[in-house]
Amino acid sequence: MLQRPKIVVIGSLNVDHTLRVPHIPAPGETLTATATFTCLGGKGANQALAAARAGGDVTLIGCVGEDNFGARYIEHLRSAGIHTGTIMRAGPSTGCAFIAVDDTGENGIVVSPGANHALTPIHVEEHTTLIRSAAALLLELECPLPTVLRAVSIAVAAGVPVILNPSPLTSEFIQAHMEVNTLILNEHEATALVSMTRAEIDAEPQRARAAARCRQMIITRGGDPTLVITAGGILKIAPPQVIPVDTVGAGDAFAGAFAVAHADGMALEGAVRFANAAGALATQGVGAQPSIPWRDAILALVGRCNGSTG
Ligand code: RIB
C-alpha cells in the first residue's frame, strides 16, 4: 500500500451492553446471563475502526449524545487515528445496543438509536467536499434513511464508489430504489432484500443482483464461502475456518476491510479474501471493537490460507 486510501464512513456510534447467555431468548422466555460487559460499538464506528486498522485514512461522520459516553467515544476514535471533527453531539443520549451472545458466538441485537437519529441530510451536505474527495464511501442503515440517501447521491454524482451494508434492513430501504456499487449483506439480509431463498440466489444470481440494484453483491455466509455476484459472473470465496467466540461486529470488520482493499485498487477476489480474514479474526474475541483486527494480522491470516474459489 503506497498511500492510505481515504475512506469516509457515515454511520452509527453505540455503547454495547452485552449479555452472555446459553441461547438467544425465545419469546416469553427469561434467561440468566453468565457474564455481562460493556464496550463501544455501533455499526458505523465499527466499520470506521475496521477500515482504520486495515490501513485506511478514515473520517467518520456521525452523532453522539451530550453525555459522558459521547465525549469518551470521540476520544476513543481520535486516539485510534480516525478523523473525528465530523462527529456532532446532540441530545442527551449516545445510541446504545443490548446484545445477547450465545454459547456458539451467535447474537441477537436490539438498538436504541439515541443521537444517531439526529444526523440529518443537512449535516451530510456540510461535508460534501469531503465525500467527493473520498476513495470510497462506506455506510450502513443505523442512521436515518434520508441521511443515507443524501450521502449516496453526493457520492454517486462525484463518481465515488459507495459500499453499503443494508443493516438493519428495513422495508423503507427496500422501497427506496437506491443504487450503489457494492452491497455487503449477510444471508438473512440478502434473502430478505431480494425475496429469494438461498437456493434461488445460488441458482439465479443475476436475478438476485438485479433485484438488489447494485453493481456487485457480496453475501457473507458465516463459515460457508462468501458469494460475490458481478455482471461478469459469480465467485465463491471460502473464509478462514475458525471457531467463533463472539460474532458481534464481524460483518462490520468485513465491510471496513473490504472498503480499504477495494479503494486501494485490489482486485475483487483479493479484496474479499482480505475482508473474509478480517471478519474471521473479529469473531475470535469478545465484543465488537476489541476484536477488530489490524492490517498485519489480516495479511498474516490471508497468507496462511490458500482459500478456494468455485
Ligand atoms: O454490528 C454490530 C453492531 O450492531 C453492534 O456494535 C451494535 O452496536 C449494533 O449497532
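About the cut-offs
- Counting restarts for each chain, with residues numbered from 1 along the sequence as it is written.
- Local features in a predicted model are, by the rule used here, given only for residues with pLDDT of at least 70; side-chain atom pairs are given and counted only at 80 or more, and totals for whole chains, interfaces and linings are based on all residues.
- Water and hydrogen atoms were dropped before computing side-chain values, which therefore reflect all heavy atoms in the structure.
- Helix numbering and strand numbering both begin at the N terminus, where a helix is a DSSP run of H or I of at least 4 residues and a strand a DSSP run of E of at least 2.
- Here the globule rule reads 2.2 Å times residues to the power 0.38, and the radius of gyration is calculated from C-alpha atoms.
- Note on classification: 1.4 Å probe, protein chains only; a residue is buried when its accessible area is under 20% of the maximum for its type, exposed when over 50%, partly exposed between these limits.
- We call two residues contacting when some pair of their heavy atoms lies within 4.5 Å.
- Note on areas: Shrake-Rupley with a 1.4 Å probe; residue coverage comes only from the protein chains shown.
- Residues scored as positive are Lys and Arg, those scored as negative are Asp and Glu, and His as well as the terminal groups of each chain are ignored.
- The location of each charge is read from NZ of Lys, CZ of Arg, CG of Asp or CD of Glu.
- One requirement defines pairing of two strands: DSSP has to find at least two bridges between them.
- Angles shown run from 0 to 180 degrees and are taken between the N-to-C directions of axes, each axis being a line fitted to C-alpha atoms and, for helices, limited to the stretch in contact.
- Orientation labels follow simple angle bins: below 35 degrees gives roughly parallel, above 145 gives roughly antiparallel, 65 to 115 gives roughly perpendicular, and whatever is left gives oblique.
- Two helices crossing with the near one rotated counterclockwise from the far one by less than a right angle form a left-handed crossing, whereas a clockwise rotation gives a right-handed crossing.
- Classification of ring pairs uses Phe, Tyr and Trp, with its six-membered ring standing for Trp, and accepts pairs whose centres are within 6.5 Å; under 30 degrees between planes counts as stacked, over 60 as edge-to-face, and the remaining range as tilted.
- Only when the NZ of Lys or the CZ of Arg is both within 6 Å of the ring centre and within 35 degrees of the ring normal is a charge said to sit over the ring.
- For this document, the term salt bridge refers to a Lys or Arg side-chain nitrogen within 4 Å of an Asp or Glu carboxyl oxygen.

### What to know about the overall build of the protein chain
Working step 1: Scanning the protein chain for helices and strands turns up 12 helices and 13 strands.
Working step 2: Computed over C-alpha atoms, the radius of gyration of the protein chain comes to 18 Å, within 12% of the 19 Å expected from 2.2 N^0.38 for 310 residues, which places it in the range of a compact globule.
Working step 3: Overall, the C-alpha framework of the protein chain stretches about 50 × 50 × 40 Å when taken along its three principal axes.
Working step 4: Evaluated residue by residue, the protein chain yields a buried proportion of 53% over its 310 residues.
Working step 5: Across the protein chain, every contact between residues at least 6 apart in sequence was considered, and the portion connecting residues at least 24 apart equals 68%.
Working step 6: Summing over all exposed atoms, the protein chain offers an accessible surface of approximately 12700 Å²; the carbon and sulfur share of this is 56%.
Working step 7: Each charge class in the protein chain can be summarised by its mean position, and for the 20 positive and 26 negative side chains these summaries are 7 Å apart.

### Some details on the environment of His23
Working step 1: Residue placement: His23 occurs in the loop between strand 2 (14-20) and strand 3 (35-41).
Working step 2: Assessed through its relative accessible area of 35%, His23 is described here as partly exposed.
Working step 3: Beyond its immediate stretch of four places on either side in the chain, His23 contacts Glu29, Leu31 and Asp102.

### As for the sheet that holds strand 2
Working step 1: With respect to topology, 4 strands assemble into an open sheet ordered 3-2-6-7, the strand pairing being mixed. Edge strands, defined here as strands with exactly one partner in the open sheet, are strand 3 and strand 7 (107-112). Geometrically, the sheet is characterised by an average inter-axis angle of 20 degrees between neighbouring strands, direction not taken into account.
Working step 2: On top of the sheet, helix 2 (residues 68-79) reaches strand 2 and strand 3; it is set at about 65 degrees to strand 3, its chief contact.

### Overview of the side chain of Thr18
Working step 1: Note on placement: Thr18 falls in strand 2.
Working step 2: Residue class for Thr18 comes out buried when judged on its relative accessible area of 3%.

### Observations concerning the packing of helix 10 (residues 250-263) against helix 11 (residues 268-282)
Working step 1: Interaxial distance between helix 10 and helix 11 falls to 7 Å at its minimum, and their mutual angle equals 150 degrees. Of the possible angle classes, the one that applies to helix 10 and helix 11 is roughly antiparallel. As helix 10 packs across helix 11, the resulting crossing turns out to be right-handed. Residue-level contacts link Ala250, Ala253, Phe254, Ala257, Phe258, Ala261 and His262 of helix 10 to Leu268, Ala271, Val272, Phe274, Ala275, Asn276, Ala278, Gly279 and Ala282 of helix 11.

### A look at the packing of aromatic side chains
Working step 1: Taken as a whole, this structure holds 0 aromatic pairs when the rule is applied.
Working step 2: In this structure, Arg53 is placed above the aromatic ring of Trp294, and the distance from its NZ or CZ to the ring centre is 3.8 Å.

### Overview of the pattern of salt bridges
Working step 1: This structure, assessed with the given rule, holds 8 salt bridges.
Working step 2: Residue Arg207 pairs with Glu204 through a salt bridge whose shortest N-O separation is 3.2 Å.
Working step 3: Shared partners join several salt bridges into a network, and the residues in it are Glu187, Arg198, Asp202, Arg221 and Asp224.

### Some details on the pairing of strand 10 (residues 180-186)
Working step 1: In terms of burial, strand 10 is largely enclosed, as 6 of its 7 residues are buried.
Working step 2: One ladder, built from 2 bridges, connects strand 9 (residues 162-165) with strand 10; its direction is parallel. What sits directly across from Ile163, in strand 10, is Thr182.
Working step 3: As paired elements, strand 10 and strand 11 (residues 214-221) share 6 bridges and run parallel to each other. In the strand pairing of strand 11, Val180 is matched with Cys214.

It is worth stressing that arrangement in space is one thing and function is another; only the former is reported here.
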